[in-house]
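Examining the three-dimensional arrangement
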Amino acid sequence: MNGARGLAVQPETPVLVSRVRAGAGGDGPRLLLLHGLAAGSDTWDRLLPLLDPECEVWTAELPWRGSGTPEWWRTPPARWVREAVDAVPGGPTVLVAHSFGAGAALSWLDTAVTGAPEAGTGRWAPGPTGPGALRGVVLAAPFYRARAADFDWAALSYHLNRFEAILEEGVRVRSAGRLAADIQQRMAAKVRDRVGCHGWMRFFDTYLSTPDLRTPAMHLPFLLVSGSEDIAARTDDARALTARLPDAALHVLDGVGHFSMVERPGTFASLVNGLVRDLHDLTARKRSGPVPSPGAP
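Worth saying up front: this structure is predicted, and the values here are computed from it rather than measured.

What counts, and at which threshold
- Residues numbered from 1 in each chain as written.
- Predicted model: local features only at pLDDT ≥ 70, side-chain atom pairs only at ≥ 80, totals over all residues.
- Heavy atoms only, no water.
- Helix = DSSP H or I, 4+ residues; strand = E, 2+ residues; numbered from the N terminus.
- Buried < 20%, exposed > 50% of the residue type's maximum accessible area, 1.4 Å probe, protein only.
- Contact = heavy atoms within 4.5 Å.
- Areas by Shrake-Rupley, 256 points an atom, 1.4 Å probe, with all protein chains shown as cover.
- 1 Å grid on protein atoms, 1.4 Å probe; cavity = no way out; pocket = protein on both sides within 12 Å on 5 of 7 lines; lining within 4 Å.
- Points joined across faces, edges and corners; volume = space filled by probe spheres on them.
- Nonpolar A, V, L, I, M, F, W, Y, C, P; charged D, E, K, R; others polar.
- Polar contact = N/O pair within 3.5 Å; in protein donor to acceptor, adjacent residues only side chain to side chain.
- Pairing = 2+ DSSP bridges.
- Axes fitted to C-alpha atoms, helices over the stretch in contact; angles between N-to-C directions.
- Parallel < 35°, antiparallel > 145°, perpendicular 65-115°, else oblique.
- Left-handed = near helix turned anticlockwise from the far one by under 90°.
- Phe/Tyr/Trp six-rings, centres within 6.5 Å; stacked < 30°, edge-to-face > 60°.
- Lys NZ or Arg CZ within 6 Å of the ring centre and 35° of its normal.

Here we take up the overall build of the protein chain. Broken down by element type, the protein chain carries 8 helices and 7 strands. Out of the 297 residues in the protein chain, the part that is buried amounts to 52%. The contacts in the protein chain between residues at least 6 apart in sequence include a share of 79% that link residues at least 24 apart. Element-wise, carbon and sulfur atoms account for 54% of the exposed surface of the protein chain, whose accessible area totals about 13,500 Å².

Here you go:
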């Protein structure tokens, strides 16, 4: 589904994908940006003007956005991500996802795993639910545990009882601190009630399922970004995920919380642009001939 950004998103429209910027060269990499729980595509507003001008940029309004689609939680998040990916003509080259959106993206990638990358390409073979043109993934503030035993009652209690505080942080950061504390609290409470128990349970169920993800089979370059002060998705989660992926780099931003693309848009953009350049260089080398193995004369 395509639409002009800025138009009111109707509750009955679960996924609305919009091209917010054409690439300067006309055939540059395509980026698709996925927001987190109770957020929206405006999460990326400070980042957009800083992305490489060669990139064609798409954003998605997902059913777990702030306004929300009724009972979105009845459908596995991977299906909604697949719908967003399929709405980008030619498919995204790089997927950028935040928070719950990152978990949903991993769930979708898990459904696309075929067991091995396409011979000589380092990527999965295209298919009706496969990643197709995808060449790289950026995950900001991902939720992840490597083992089922890493979850205990304390973890559940923490995320449940801190949920409103996490939402309040989102209100504070995105409003640049212009709102009084009591207004932030009231807004966070309203967002909490809009998400509801079932929405929160879908988030936590996605989190609980992360040990079952076939991460070792995800043969794509991953860039993970974590804030050292994130009270929601701890840096330990990002470290654990980095260790489980075949090709992943982790960047921990000091003094940053859950919304690194809002708090440090310049740094975040530099990291994304660096990945895009690396992928372009890798593609150019493959087109020019075989890439020598490390240590070859």
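Let us now look at empty space enclosed by the protein. Within this structure, the stated rule accounts for 1 cavity of 30 Å³ or more. There is about 50 Å³ of room inside the largest cavity. Every residue along the wall of the largest cavity is listed here: S99, F100, G103, F143, F203, T206, Y207 and T210. Within the residue set of the lining of the largest cavity, elements represented by two or more residues are α2 (100–112) and α5 (181–208). By residue number, the principal contributor to the lining of the largest cavity is α5, which donates 3 residues. Among the residues forming the lining of the largest cavity, the class breakdown is 4 nonpolar, 4 polar and no charged.

Another point: the environment of T206. By secondary structure assignment, the location of T206 is in helix α5. The exposure class of T206 is buried, given its relative accessible area of 7%. For the pair formed by T206 and S107, sequence separation is 99 residues and the distance between their alpha carbons is 7.9 Å. For T206, the contacting residues outside a window of four places in its chain are P77, F100, G103, A104 and S107. Reaching out from T206, the side chain makes a polar contact with the backbone oxygen of R202 at a distance of 2.8 Å.

Quick look at the pairing of strand β3 (residues 56–61) now. Moving residue by residue along a regular strand, the side chains alternate between the two faces of the sheet. Of all 6 residues that make up β3, 6 are buried, and the element is covered over most of its length. On β3, burial covers both faces: E56, W58 and A60 on one face and V57, T59 and E61 on the other are all buried. Direction of pairing for strand β1 (residues 16–21) relative to β3: antiparallel, over a ladder of 5 bridges. Residue pairing for β3: L16 is matched across the bridge by E61. Bridge count for strand β2 (residues 30–34) against β3 is 5 bridges, and the pairing is parallel. Paired with L33 across the two strands is T59, which belongs to β3.

For any two helices packed against each other, one specifies the inter-axial angle together with the distance between the axes. Between helix α3 (residues 153–161) and α5, the least distance of the axes is 12 Å, while the angle of their chain directions is 140°. By the angle class used here, α3 and α5 are oblique. Handedness of the crossing formed by α3 with α5: right-handed. Where α3 abuts α5, its residues A155, L156, H159 and L160 lie against W200, F203, F204 and Y207.

Bringing the sheet that holds strand β4 (residues 94–98) into the picture now. Across the sheet, which stays open at both edges, the 7 strands sit in the order β1-β3-β2-β4-β5-β6-β7 with mixed pairing between neighbours. The open sheet terminates on both sides in strands that have one partner only, identified here as β1 and β7 (248–253). Pairs of neighbouring strands in the sheet enclose a mean axial angle of 20°, with direction left out of account. Where helix α6 (residues 235–244) meets the sheet, its contacts fall on β5 (136–140), β6 (222–227) and β7, and the angle it forms with β6 comes to roughly 165°.

Further remarks concern the packing of aromatic side chains. All chains considered together, the criterion is met by 14 aromatic pairs. Ring centres 5.0 Å apart and planes at 85° place the aromatic pair F151 and Y207 in the edge-to-face group. Of the two residues, F151 is situated in the loop between β5 and α3 and Y207 in helix α5; the sequence distance between them amounts to 56 residues. Residue F151 shares its accessibility class with Y207, and that shared class is buried. Grouping aromatic residues by their ring pairs yields a cluster made of W64, W72, F100, F143, F151, W200, F203, F204 and Y207. The ring of W80 has R79 lying over it, and the distance from NZ or CZ to the ring centre is 5.5 Å. One Lys or Arg, R145, reaches over the ring of F151 and ends 5.2 Å from the middle of that ring.

A word on unusual backbone geometry. Despite not being glycine, E71 shows a phi value in the positive range, around 55°. Following the sequence through the fold, E71 ends up in the loop between β3 and α1 (77–86). Its identity as a non-glycine residue notwithstanding, S99 has a phi of 60°, on the positive side. As for its position among the elements, S99 is in the loop between β4 and α2. With relative accessibility at 9%, the residue S99 sits in the buried group.

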